[in-house]
Amino acid sequence: MGRPKMLKTFKIGGAHPEENKFSQHSTIEEIAAPDTVFVMMNQNLGAPSVPVVAKGDKVKIGQLIAKGEAFISAAVHSPVSGTVEKVDFWTDTTGYRKPVIVINKEGEEWAEGIDTSDALIKEIKASKDEIIEIIKNSGIVGLGGATFPTHVKLAIPQDKTAEYLIINAVECEPYLTSDHRLMLEKGEEIMVGVQILMKALNVSQAIIGIENNKEDAIQHLDEIAKKYSGITVQGLKVKYPQGAEKQLIEALTKRRVPSGKLPIEVGCVVQNVGTAYAIYEAVQKNKPLIERVVTVTGKKVSKPSNFRVRIGTPVSMLIEKAGGLPEGSGKIINGGPMMGKAIINIDVPVTKGTSGIVVFDEKESKRNVVANCIRCARCTMVCPMGLQPFLLAAGMEFDNFEVVEKNNVMDCIECGTCHYTCPSNRPLLDMLRLGKSKIGEIIRSRKN
Amino acid sequence: MSTIFLAVVVLASVGLVFAIIIYGVDLKFQVIEDPRIDQVAELLPGANCGGCGYAGCRNFAEAIVKAGNMDNLFCPVGGNAIVKGISEILGVEATERAPQVAVIRCNGSFANAPSKIKYDGVSRCSFANTLSSGETGCPNGCLGLGDCVESCQFDAMYMDKTTGLPIVIEDNCTSCGACVKACPRKIIELRNKGPKGKRIFVSCVNTEKGAIAKKNCAVACIGCGKCVKVCPHDSITMLNNLAYIDFNKCKLCRKCVSECPTSAILEINFPLRKTAEANSENTNSVN
């Protein structure tokens, strides 16, 4: 008995960077809310949220402070109880100033109707439509890092039907362990969350994909999954970028999402495992998304940890709790080392998309010297989308947008595997990102 | 002998037949082009820079002949002289424009806006702009990676290594506007050259509140509004904490330059002021 030992993976490309999962044995530690939180209004993909509170307003934990008015937009709730100090602008991770709500903490008072106990509630009372409504009102977004509003993803077009719910527990980014710890510590809750999602999507099968470097999590969830019908746990070979939606679908179902299409085209909906937990809390406990698990790690960090933090906590506080900023730190990355971006200063707050904070020392953070392309085609071999990064990068370098567009730059998932593999250290990802923004602009202008 | 004769006759007759066909085709499918297009194209500089809004000089010539008038059509590279020549060919009235020059509206040099972080990615402003606010922290300021210099076809720009800012070589600048389009932060503006090249402009595009802007850059426009008050010609407007001088209204009196508390307003090609500098020079010489 037991699960089949066969490990699945996707076919095209991929690489296996050094894992460096230093924090995988540190249990999730709760961090008390700081005295002042900075809740950014651009926490989700799509349109920014619109504040509904003003300076001087009293708010409770979990109270709605900003609503998502546009189609792709999400609500934001207060992570602390206290007084709104101001609705202003604050530097986000990119250094640009974005709208923010600053709240001073006073006490620890929860908004009415939120169940703060630890008790597990298995029975799902809400109906399909109610579930999606609750998810929308709770401001839940994809917690893997992309922060796409979940309720939009769950609203399936009339002419399509979902067949599989795929739970992304791959965590293929090196260093990060927040999903791993969550699976070990909140396995039951995640399963209920998956059941809720299955009900919302009206599907009978759910597959949880976990990479094989988290064997304890595979075993643990497999054990629990036996109690629930329709949920299977599938081990996956360790290969980056398996956590990318299209790659994961291919690995688990052998279906390939066509270029420029969404996963629903092949009957799949992918949700992150952290999102499943957040959905459990929202639907069963009426608790909106006000906190998340963040991994704080790095080779020199004295105490690599996983923290449960309130949204809006400054990053500096997390680094302090993890043993302080090591001497000779060069870069701090928001997200994983492959796809994350360096942050401008450590006073920026945690947002819904902050899956990890990785501290690099001076030497690690420096780019290697760029040499000429030697036409080895390694970038082409590792590209999980089957693109030719060297060609696209050269096209961008000489502003040959036609070639770049024809060679499907818009399919690029910005995983950075090409950049990571290049023996000449060419800035392929930079050029591809530039290409995506430029070609996107051209395509949009053509439509108008 | 007769074989050679036959060959000559056959070849000649084949040639004649094809010649007649080609002549017929030419008559039938002849493209009648206005000869003035060639004349106009001849006059144009032939730089194909796109400054007029068309892909190349010939496209512009076609457009101008087709339009039959010269409203809104202007070759900034050729300037008034060439445009006048074209107007003579077409027999219409020429639009005259004051000669313009590209102006860098940012003075965030290494000294004025010290770097807080280090960027070591691709040397492209258009990319760095999407990634972060840049090394100085100013979200509107010059990134110093030289997209504008790259775009200039007339060797009219270079990066000053000591300040990290681009410099426009006035004599080479044709005001084609390529750099204006290349700059992702909309720092570069085409402004009237002014009499003897004299001009005054606000060398800042930062729209943040004064205190925040000042934190990142010593010479930022803080939106205090002093220049607006002091200007006798109503040429300065204040929008989003940023002053803008309308070059059509500005009479170059330089009152705003001395009033600006952060020296964000620059004067170009003016003779040195007699006041402070001259006095100090005098005292120096006495000593």
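See the structure shown above.
An account of the accompanying structure is given in this report. Keep in mind that this is a model prediction, so the values were computed, not measured.

Further remarks concern the overall build of chain A. If you tally the helices and strands in chain A, you get 14 helices and 17 strands. For 448 residues, the compact-globule estimate of 2.2 N^0.38 gives 22 Å, and the C-alpha radius of gyration of chain A, at 21 Å, lies within 12% of that figure. Its C-alpha atoms put chain A at 60 × 50 × 50 Å along the principal axes. For chain A, the proportion of its 448 residues judged to be buried stands at 50%. The contacts of chain A with a sequence gap of at least 6 include a subset with a gap of at least 24, amounting to 73%.

The terminal C-alpha atoms of helix α1 (residues 2–28) of chain B, which comprises 27 residues, lie 39 Å apart, in line with the 39 Å expected from a rise of 1.5 Å per residue. With zero of its 27 residues buried, α1(B) lies for the most part at the surface.

Glancing now at helix α5 (residues 215–225) of chain A. Residue and element names in this part refer to chain A. Among the residues making up α5, those that are buried are Ala 217, Ile 218, Leu 221 and Ala 225. End-on view of α5: buried residues confined to an arc of 100°, all on one side of the axis. When the buried face of α5 is taken as reference, the exposed residues oriented beyond 90 degrees from it are Glu 215, Asp 216 and Glu 223. Here the buried face of α5 lies against α3 (178–185), α4 (187–201), β10 (205–211) and β11 (231–236).

All names here are of chain A. At a minimum axis separation of 9 Å, α3 and α5 run at an interaxial angle of 35°. The hand of the α3/α5 crossing is left-handed. Counted together, His 180, Met 183 and Leu 184 of α3 and Asp 216, Ala 217, His 220 and Leu 221 of α5 form the full contact between these two elements. Of the residues that constitute the contact of α3 with α5, the class distribution is four nonpolar, two polar and one charged.

With that settled, the discussion passes to the sheet that holds strand β1 (residues 28–30) of chain A. All names here are of chain A. Strand order across the open sheet formed by six strands is β1-β14-β13-β17-β15-β16, with mixed pairing between neighbours. Each edge of the open sheet carries a strand with a single partner, namely β1 and β16 (341–342). Both strand β13 (residues 291–297) and strand β17 (residues 356–361) contribute to a ladder of three bridges, which runs parallel. Counted as the bridge partner of Val 296 is Ile 357 from β17.

What follows deals with the sheet that holds strand β5 (residues 64–67) of chain A. In a beta sheet, neighbouring strands pair by backbone hydrogen bonds and run either parallel or antiparallel. Residues and elements named next belong to chain A. One open sheet holds the three strands; their spatial order is β3-β5-β6, and the pairing between them is antiparallel. Here the strands that pair on one side only, and so sit at the sheet edges, are β3 (50–51) and β6 (76–77). Relative to β5, β3 runs antiparallel, the two being bridged by two bridges. Within β5, the position partnered with Val 50 by the bridge is Lys 67.

For the rest of this paragraph, the subject is the pairing of β5(A). Relative to β6(A), β5(A) runs antiparallel, the two being bridged by two bridges. If you follow A:Leu64 over to β6(A), its bridge partner there is A:His77.

What follows deals with the packing of helix α2 (residues 35–43) of chain B against helix α4 (residues 79–90) of chain B. Residue and element names in this part refer to chain B. Two elements in contact, α2 and α4, have axes separated by 10 Å at closest approach and are oriented at 165°. Classed by the angle they form, the pair α2 and α4 counts as roughly antiparallel. Helix-helix and strand crossings are classified by hand; for α2 and α4 the assignment is right-handed. Contacts from Arg 36, Gln 39, Val 40 and Leu 43 in α2 reach Ile 82, Gly 85, Ile 86, Ile 89 and Leu 90 in α4. The class makeup of the residues in the contact of α2 with α4 is six nonpolar, two polar and one charged.

Criteria and cut-off values
- Residues numbered from 1 in each chain as written.
- Chains lettered and ligands numbered in written order.
- Predicted model: local features only at pLDDT ≥ 70, side-chain atom pairs only at ≥ 80, totals over all residues.
- Helix = DSSP H or I, 4+ residues; strand = E, 2+ residues; numbered from the N terminus.
- Rg over C-alpha atoms; globule rule 2.2 N^0.38 Å.
- Buried ≥ 20, exposed ≤ 12 C-beta atoms within 10 Å, placed from the backbone.
- Contact = placed C-beta atoms within 7 Å.
- Expected span 1.5 Å × (residues − 1).
- Arc of directions from axis to C-beta.
- Axes fitted to C-alpha atoms, helices over the stretch in contact; angles between N-to-C directions.
- Left-handed = near helix turned anticlockwise from the far one by under 90°.
- Nonpolar A, V, L, I, M, F, W, Y, C, P; charged D, E, K, R; others polar.
- Pairing = 2+ DSSP bridges.
- Parallel < 35°, antiparallel > 145°, perpendicular 65-115°, else oblique.

The quantities given are spatial measurements derived from coordinates; they are silent on function.
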